[in-house]
Amino acid sequence: MRKALLPITAVIISASAMSQTVLITQDFESFDPGDPLAQSAGLPWTTWSNAPGGVEDTEVTDTLAHGGNMSAVFESTAANGGPTDVILQLGNRTAGQYLLGWWMRIPAGKGGYFNIQKSITPGQSWSIDVIFRASGAIELSTNASAGATTSYPVDQWFLVGMSFDLDASAATLTIDGNTAATWVTTTAVGTGGVGLNQIGAVNFYGYSGGDQSEYYIDDLSFVDISGVGVSDLGALEATAFPNPTTGAFVVDAAGISSSAVMSVVNLTGRQVIAPRALLRRGALSRAEVDLSGHPQGIYFVRLTDGDHEFVRRVTKH
């Protein structure tokens with residue numbers, strides 16, 4: 001059974017130094033193999049019919065894991081999917097900017113699926129359906145525009161990342177840092193909710209477009225980054241090059257003081273490069289960064305100068 005741990009609803013970490021708040025984080029390490037996820041974790045985890053512990057619930061497993069020993073598995077042998085049908089409530093959010101991400105693995109010959117619900121009450125309307133076919137292809141439903149990435153690495157852990165800017169009604173899906181889809185958050189599938197600019201929940205369903213479904217998720221985070229990335233440094237100009245990068249890149253900035261520092265955080269909000277000073281070269285300040293020891297994905301370079309901040313997004317391939 002579940003070991004002693006603060007419920008996930010209590011894991012709300014105020015990261016004021018990074019102007020963001022980690023709303024949800026889950027690595028599944030507090031559970032034992034076979035624990036029903038929604039029943040053991042409690043809210044914000046539940047099932048489509050709000051019946052944790054029933055046939056819609058899924059198990060935590062030690063069969064595969066991205067970090068540590070545990071992950072959650074979602075599977076079905078039915079072509080039409082189910083009964084596995086788990087909901088992660090994100091809150092009915094209508095404004096601000098958010099990052100949502102997790103690591104995912106789909107064994108060879110199997111497939112996977114998730115969708116973004118507009119409400120914590122499932123079935124009203126949803127923003128996007130993402131189907132991972134057994135062939136390695138990614139299929140999109142709704143009005144989402146496909147990006148450059150149309151496939152995922154079979155039988156390997158890969159990073160699913162989403163950014164939501166509800167103030168601009170825009171959202172992006174990335175796979176290992178590469179854009180797979182963009183869509184307008186006011187559009188929807190299903191009955192009702194069309195025009196509603198809102199995100200409510202993730203639906204992890206045992207489905208894969210007709211293939212047999214089996215997929216694993218691990219190290220999930222949902223982060224509020226409202227306010228991050230808005231420069232108020234006046235004449236500041238900053239670049240990160242090359243971007244995308246395979247690891248090493250240079251940050252050049254103008255218009256900052258000699259006391260400014262630079263740091264780097266990953267998609268989950270975890271700091272991967274501690275704050276450090278930039279080297280002053282006349283009017284230009286420079287920092288050399290190397291992410292070679294870190295996984296592929298999206299990172300955020302943060303420049304802090306007193307009470308002011310500026311953020312640049314960098315993608316590592």
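Placed above this text is the structure.
Since we're looking at a predicted model, the values are computed, not measured.

> Hey, could you run me through the side chain of threonine 61 in this one?
Note that threonine 61 resides in strand 4 (residues 59–61). Given a relative accessible area of 10%, threonine 61 falls into the buried group. If we skip the residues at most four places from it in the chain, threonine 61 touches Asn69, Met70, Ser71, Val73 and Tyr216.

> Even after reading the chapter, I still don't get the nonpolar core, so can you show me in this structure?
If you look at the biggest cluster of nonpolar residues, it comprises 46 residues, and the most contacted ones within it are Trp45, Trp102, Phe114, Phe204 and Ile217. Not counting residues up to four positions away in its chain, the partners in contact with tryptophan 102 are Phe114, Phe158, Leu159, Val160, Met162, Val202, Phe204, Ile217, Asp218, Asp219 and Leu220. Ala238, Ala240, Tyr299 and Val314 belong to the second-largest nonpolar core, a separate cluster that totals 20 residues.

> Just to check I follow, could you spell out the environment of glutamine 39 for this structure?
On the secondary structure map, glutamine 39 appears in helix 1 (residues 37–41). For glutamine 39 and glutamate 59, which are 20 residues apart along the polypeptide, the C-alpha to C-alpha distance reads 9.8 Å. For glutamine 39, the contacting residues outside a window of four places in its chain are Pro52, Gly53 and Asp57.

> Quick question: what am I supposed to make of the side chain of threonine 149 here?
Here threonine 149 lies in the loop between strand 11 (145–146) and strand 12 (158–165). Its relative accessible area of 14% is what places threonine 149 among the buried residues. Apart from residues no more than four positions distant in its own chain, threonine 149 is found in contact with Ile175, Asn178, Thr179 and Ala180.

> Which parts of the structure should I look at to understand the pattern of salt bridges?
Two side chains of opposite charge can pair, provided their charged atoms sit close to one another. On inspection of all chains with the given rule, the structure shows four salt bridges. Note that glutamate 139 is salt-bridged to arginine 133, the shortest N-O span being 3.2 Å. Judged by relative accessible area, glutamate 139 falls into the partly exposed class, the value being 33%. Across the pair aspartate 211 and arginine 133 runs a salt bridge whose closest N-O atoms are separated by 2.8 Å.

> Please clarify how the environment of tryptophan 157 should be interpreted in this entry.
Mapped onto the secondary structure, tryptophan 157 falls in the loop between strand 11 and strand 12. Of the residues examined, tryptophan 157 reaches a relative accessible area of 15% and is grouped as buried. Note: C-alpha distance between tryptophan 157 and tyrosine 216 (59 residues apart in sequence) is 8.9 Å. Those residues within four positions of tryptophan 157 in sequence are excluded, and the remaining contacts are Leu64, Ala65, His66, Ser71, Trp103, Met104, Arg105, Tyr216, Ile217 and Asp218. A polar contact is formed between the side chain of tryptophan 157 and the backbone oxygen of alanine 65, at a distance of 3.4 Å.

> Before we go on, may I ask you to explain the pairing of strand 19 (residues 261–266) in this structure?
For a regular strand, side chains alternate in direction, first toward one face of the sheet and then toward the other. Burial analysis of strand 19 places five of its six residues in the buried class, which makes it a mostly covered element. The pairing of strand 19 with strand 20 (residues 271–277) spans four bridges and is antiparallel. Counterpart to methionine 262 in the pairing with strand 20 is arginine 276. Here strand 19 runs beside strand 23 (residues 297–305); their pairing, made up of six bridges, is antiparallel. The residue of strand 23 that forms the bridge with valine 265 is phenylalanine 300.

Procedures and definitions
Residues numbered from 1 in each chain as written. Predicted model: local features only at pLDDT ≥ 70, side-chain atom pairs only at ≥ 80, totals over all residues. Heavy atoms only, no water. Helix = DSSP H or I, 4+ residues; strand = E, 2+ residues; numbered from the N terminus. Buried < 20%, exposed > 50% of the residue type's maximum accessible area, 1.4 Å probe, protein only. Contact = heavy atoms within 4.5 Å. Core = buried A, V, L, I, M, F, W, Y, C linked by side-chain atoms within 4.5 Å. Salt bridge = Lys/Arg side-chain N within 4 Å of Asp/Glu carboxyl O. Polar contact = N/O pair within 3.5 Å; in protein donor to acceptor, adjacent residues only side chain to side chain. Pairing = 2+ DSSP bridges.

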